[in-house]
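# Notes for the structure review
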Amino acid sequence: MIRPSRLIPIAFASLAFGATAAAVNAQQPLKTLLVGVDHRTVTSLDGDWHYLVDQPPARALYDAHGKVRDNSYGMNTHPNISSSPHNDEYDFATAPTLKVPGDWNTQDPTLFRYEGVVWYQRDFDFQPRPNTHTFLHIGAANYRSYVWVNQKRICDHEGGFTPFDCEVTTALKPGSNFVVIAVDSTRDVDGIPSVGIDWFNYGGLTRDVSLVTVPTTFIDDYDVHLKHGSSFSEADGTLTGYVHVVGASAGTPVTLRIPEADIDTTVKTGTNGSAPFEVKSKSLTLWSPEQPKLYKVELASGQDRLTDDIGFRDIRVDGTRILLNGKPIFLQGANMHAEAPYRTGRAWSDEDAKNIFGFLKEMNANFVRLCHYPHDERMERMADRDGIMVWSEIPLWQHISFDKPEVYAKATYMLNEMIRRDRNKASVILWSVSNETPNNPTRTKFLTDLANEARRLDPTRPITSAIIGPHPKTTAAGIEMINDDPFASALDVIGQNEYIGWYEGKPEDADKVKWTFPDKPVLISEFGAEAKQGVHGGPDERWTEEQQVNVYQHQFVMINKIPQVRGLIPWVLMDFRSPVRNIPKLQDGFNRKGLISEDGKKKQAFDLFQKTYKDHSVGKAE
Ligand code: GCU
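In this text the structure is predicted, and so the values were computed from the model without any measurement.

### Some points on the overall build of the protein chain
Assigned secondary structure in the protein chain consists of six helices and 38 strands. Since a compact globule built from 622 residues should have a radius of gyration of about 25 Å, the 25 Å found for the protein chain is in line with a globular shape. Viewed in the frame of its principal axes, the protein chain has a C-alpha envelope of about 80 × 60 × 40 Å. The buried share of the protein chain, taken over its 622 residues, is 63%. Nonlocal contacts in the protein chain, meaning residues at least 24 apart in sequence, comprise 72% of its contacts between residues at least 6 apart. For the protein chain, the exposed surface amounts to about 22800 Å²; the carbon and sulfur share of it is 54%. If you average the places of the 68 positive and of the 81 negative side-chain charges in the protein chain, the two averages end up 1 Å apart.

### Comments concerning the site of the ligand
Asp198, Glu436, Tyr503, Glu526 and Lys593 are the nearest of the 14 residues found near the ligand. Asn435 is positioned with one of its side-chain polar atoms (N or O) 2.8 Å from an oxygen atom of the ligand. One of the side-chain N or O atoms of Tyr499 is found 3.4 Å from an oxygen atom in the ligand. In isolation the ligand offers 320 Å² of accessible surface; the protein chains occlude 95% of this area.

### Focus on the sheet that holds strand β24 (residues 327-328)
Ordered in space as β22-β23-β24, the three strands form an open sheet in which the pairing is antiparallel. Of all the strands in the sheet, just β22 (315-318) and β24 have a single pairing partner and so form its edges. Here two bridges tie strand β23 (residues 321-324) to β24, and the two strands are oriented antiparallel to one another. By the bridge assignment for β24, Leu324 is matched with Lys327.

### Looking at helix α3 (residues 405-422)
One turn of an α-helix holds 3.6 residues; hence residues three or four places apart share an orientation. Between the first and last C-alpha of α3 there are 26 Å, a value that for 18 residues agrees with the 26 Å anticipated at 1.5 Å per step. Of all 18 residues in α3, 16 are buried, a share of seventy percent or more.

### Remarks on the nonpolar core
Core analysis: the biggest nonpolar cluster contains 87 residues, and Leu396 and Leu450 have the highest contact counts within it. Looking at which element gives the most residues to this core, the answer is α3, with seven residues. With sequence-adjacent residues up to four places away left out, Leu396 is seen in contact with Ile192, Phe402, Ala411, Val433, Ser434, Asn435, Thr437, Phe446, Leu447 and Leu450. In this structure, Tyr51, Ile138, Phe164 and Val168 belong to the second largest nonpolar core, which totals 29 residues.

### Here's the deal with helix α2 (residues 377-386)
Of all ten residues making up α2, eight are buried, and the element is well covered by its neighbours. Considered for burial, the residues of α2 that qualify are Glu377, Arg378, Met379, Glu380, Arg381, Met382, Ala383 and Asp384. Looking at the buried positions of α2, the neighbouring elements they touch are β21 (304-310), α1 (350-362), β27 (367-370), β28 (389-393), α3 and β29 (428-435). Phi turns positive, to about 75 degrees, at Gly387, one or two residues after α2.

### Quick look at the sheet that holds strand β8 (residues 132-138)
The strand order across the open sheet formed by four strands is β4-β14-β8-β11, and the pairing between neighbours is antiparallel. Of all strands in the sheet, those bounded by a partner on one side alone are β4 (43-44) and β11 (164-167). The pairing of β8 with strand β14 (residues 209-215) spans seven bridges and is classified as antiparallel. The residue bridging Thr134 from the neighbouring strand is Thr213, located in β14.

### As for the side chain of Asn591
Residue position: Asn591 is located in strand β38 (residues 590-591). At a separation of 3.1 Å, a polar atom in the side chain of Asn591 contacts the side chain of Asp198. In terms of polar contacts, Asn591 uses its side chain to reach the backbone amide nitrogen of Lys593, at 3.1 Å. Discounting chain neighbours no more than four positions away, the residues touching Asn591 are Asp198, Glu530, Trp571, Asp575, Phe576, Ser578 and Arg581.

### Remarks on the pairing of strand β7 (residues 117-126)
Of all the ten residues making up β7, eight are buried; the element is thus mostly covered by neighbouring parts of the structure. Bridge count between strand β5 (residues 47-53) and β7: four bridges; the pairing is antiparallel. Each bridged residue has a counterpart across the sheet, and for Val53 the counterpart in β7 is Val118. Two elements, β7 and strand β12 (residues 175-184), share ten bridges in a ladder whose sense is antiparallel. Its bridge partner being in β12, Phe126 is matched across the sheet by Gly175.

### Concerning the environment of Lys506
In this structure, Lys506 sits in the loop between β33 (493-497) and β34 (513-516). By relative accessible area, which is 52% here, Lys506 ends up exposed. Residues Lys506 and His554, 48 residues apart in the sequence, show an inter-C-alpha distance of 9.6 Å. When residues no more than four places from it in sequence are discounted, the contact partners of Lys506 are Ile500 and Gly501.

### Some details on the state of the cysteines
Applying the stated criterion to the full structure yields one disulfide. What pairs with Cys155 in a disulfide is Cys166, and their sulfur atoms sit 1.8 Å apart. Measuring handedness by torsion sign, the sulfur bridge of Cys155 and Cys166 sits at about 70 degrees and is right-handed. Highlighted residues: Cys155 in strand β10 (residues 152-158) and Cys166 in strand β11, separated in sequence by eleven residues. Judged by relative accessible area, Cys155 falls into the buried class, the value being 7%. On the basis of relative accessible area, Cys166 is assigned to the buried category, the value being 3%.

### A look at the domain arrangement of the protein chain
When the parts of a complex come together, some accessible area is lost, and that lost area is often used as the size of the interface. Each assigned domain of the protein chain is listed with its residue range as follows: domain 1 (33-215), domain 2 (229-313) and domain 3 (393-425 + 436-615). Note on domain 1 versus domain 2: buried area summed over both sides is about 510 Å², and carbon and sulfur give 51% of it. Its largest share of buried area at the contact with domain 2, domain 1 owes to His39, Arg40 and Pro215, together 85% of the area lost on that side. Inspection of the domain 1/domain 2 interface yields one salt bridge.

### Here we look at unusual backbone geometry
Phi is mostly negative for residues that are not glycine, and the peptide bonds are mostly trans. With omega at 0 degrees, the peptide bond leading from Val100 into Pro101 counts as cis. Among the secondary structure elements, Pro101 is positioned in the loop between β6 (97-100) and β7. Pro470 follows Gly469 through a cis peptide bond whose omega is 0 degrees. Even without being a glycine, Asp236 presents a positive backbone phi close to 45 degrees.

### A word on the packing of aromatic side chains
All told, the structure shown has 28 aromatic pairs when counted by the stated rule. Ring centres 6.3 Å apart and planes at 50 degrees place the aromatic pair Tyr342 and Phe359 in the tilted group. Taken together, the residues span a long stretch of sequence, with Tyr342 in the loop between β26 (335-336) and α1 and Phe359 in helix α1 at a distance of 17 residues. Residues Tyr408 and Phe446 carry aromatic rings whose centres are separated by 5.1 Å and whose planes lie at 85 degrees to one another, so their mutual orientation is edge-to-face. Linking Tyr408 in helix α3 with Phe446 in helix α4 (residues 441-457), this pair joins segments that are 38 residues apart in sequence. On the basis of relative accessible area, Tyr408 is assigned to the buried category, the value being 16%. Exposure remark for Phe446: the relative accessible area of 4% places this residue in the buried category. Ring pairing ties together the aromatic residues Tyr73, Tyr90, Phe92, Trp119 and Trp148, which thus form one cluster. Taking NZ or CZ as reference, Lys293 lies 4.8 Å from the ring centre of Tyr295, over its face.

What counts and what doesn't
- Residues numbered from 1 in each chain as written.
- Predicted model: local features only at pLDDT ≥ 70, side-chain atom pairs only at ≥ 80, totals over all residues.
- Heavy atoms only, no water.
- Helix = DSSP H or I, 4+ residues; strand = E, 2+ residues; numbered from the N terminus.
- Rg over C-alpha atoms; globule rule 2.2 N^0.38 Å.
- Buried < 20%, exposed > 50% of the residue type's maximum accessible area, 1.4 Å probe, protein only.
- Contact = heavy atoms within 4.5 Å.
- Areas by Shrake-Rupley, 256 points an atom, 1.4 Å probe, with all protein chains shown as cover.
- Lys, Arg positive; Asp, Glu negative; His and termini not counted.
- Charge placed at Lys NZ, Arg CZ, Asp CG, Glu CD.
- Near = heavy atom within 4 Å.
- Polar contact = N/O pair within 3.5 Å; in protein donor to acceptor, adjacent residues only side chain to side chain.
- Pairing = 2+ DSSP bridges.
- Expected span 1.5 Å × (residues − 1).
- Core = buried A, V, L, I, M, F, W, Y, C linked by side-chain atoms within 4.5 Å.
- Disulfide = S-S within 2.5 Å.
- Domains from an automatic or database assignment.
- Buried area = accessible area lost by both parts, 1.4 Å probe.
- Salt bridge = Lys/Arg side-chain N within 4 Å of Asp/Glu carboxyl O.
- Phe/Tyr/Trp six-rings, centres within 6.5 Å; stacked < 30°, edge-to-face > 60°.
- Lys NZ or Arg CZ within 6 Å of the ring centre and 35° of its normal.

Here is the structure:
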């Protein structure tokens, strides 16, 4: 079911990231977004939650005008405690349960194709402590969420792939409490992504849910990175950034300790609660794929303490090269959706991350594009530890309502959430603001502004995006592909998607293609063909493993003629569920461009990339 965009009260949110005039946001003001929650001691609310499917009209989430109802299932009344004159005709306590984290589609067959509102409820014991704040931390919930605690409406959130925190301090009571969260997975024409997507719209509380208790003044945000000057050598072991303390008056001390780097410094907050710092280490080992060194970073202010594991490295563009710690690199990677290997469904767990990174390492990859949205934080943590570089992106996928200011505000908010969560992850080397959007002035302005916002938020990483088109022009010299997309001028690194040999022309046509790009590094950010694992035939027989290999072999000939290609990102590491892929016996609801099937079976193209990456036989770092 696709709902036209609802009129949602537009509230000017004083964003925790700093009130910005453009940030007109369609959701409750977010009090904060806690960084490093996975390194704090939390009360986990993962596990079995009771659930009920939304039942219009009596207690449904939205009234007839699309407004959130007050006397909905959020009240969690029971037949025996109902104060209303009639039985409220629902009872979470005896309702079935779903595992959280997890999408509902692959947990309950009756919900497999359900797109709408599911109500989650659970009880929990809690002992509030004086002089503390408690936040409900939700790693992600797709797509809109509405939260009640002990019958009090707490917060809303829009966006299916980024974390959010809602303060519940005043709603909690000693002893037994309960939380109700309505999650609405309905696609929205003004959503991000919009309504047409080539992946499964898994709904639900798809990542961890926990309670985080912090002191009256607490550290909610920090940025600790290698100084990013005009050249790599300028850094010379200097670390810089800030620590933000909520509730701190100016002059509050903040301590930063990195014992293994001989760093122990105390700085003071300014009037905005932020304590900037710059400190030099005599003995810093830089993070790289070959040596993914992480340091224990200890932050403290007042009663609040937290640690994080952070790697330090320099990533920058130099002409058409990408430099990591001053050295040119070539990115040998793959695209990957957050699809759980073997079990399918939305990937979130340590097991899922281990399986996905196992495939990447087996393929001799040093890079992964976590498409088309931020994945579970476990993925970037594993990338940090394993030395796999990451392209991270928000889901502005193809057709977005680029003409609407409230959509720009949502995109800005989502970009803030992504960068805030992962800015301290050395493995993340690229932020991407979109995928395959139509080349028109409204979109180009929207995305250029967004790319500049990303650069403002994080000047230490190159900004990229995946561009589709141009279409081939046949000339006497062969086939010309000229990337003259004006949006490319807003990017530091160009992602070029192309499917010569699958969607366009024959595999061998790639041999005759001459590409023209702006003078910047280029990543072939999507290329490939469909193949059903185990289906074999001739090199020109579509849907066979041999044809998939044939497409890539001709692609390699073409790519080796493009001097500024600095990375290969085949589409896609693993087959993934997509409701638009319905050829019986070949797709059966899966996009089959994977190098591996969803049940972990390698196709011949996997072996091709494994050897190509081992031999470094395609593309050059400079
Ligand atoms: C597009 C798009 C992907 C999609 C792929 C395909 O380029 O970016 O999300 O799945 O092509 O058609 O398989």
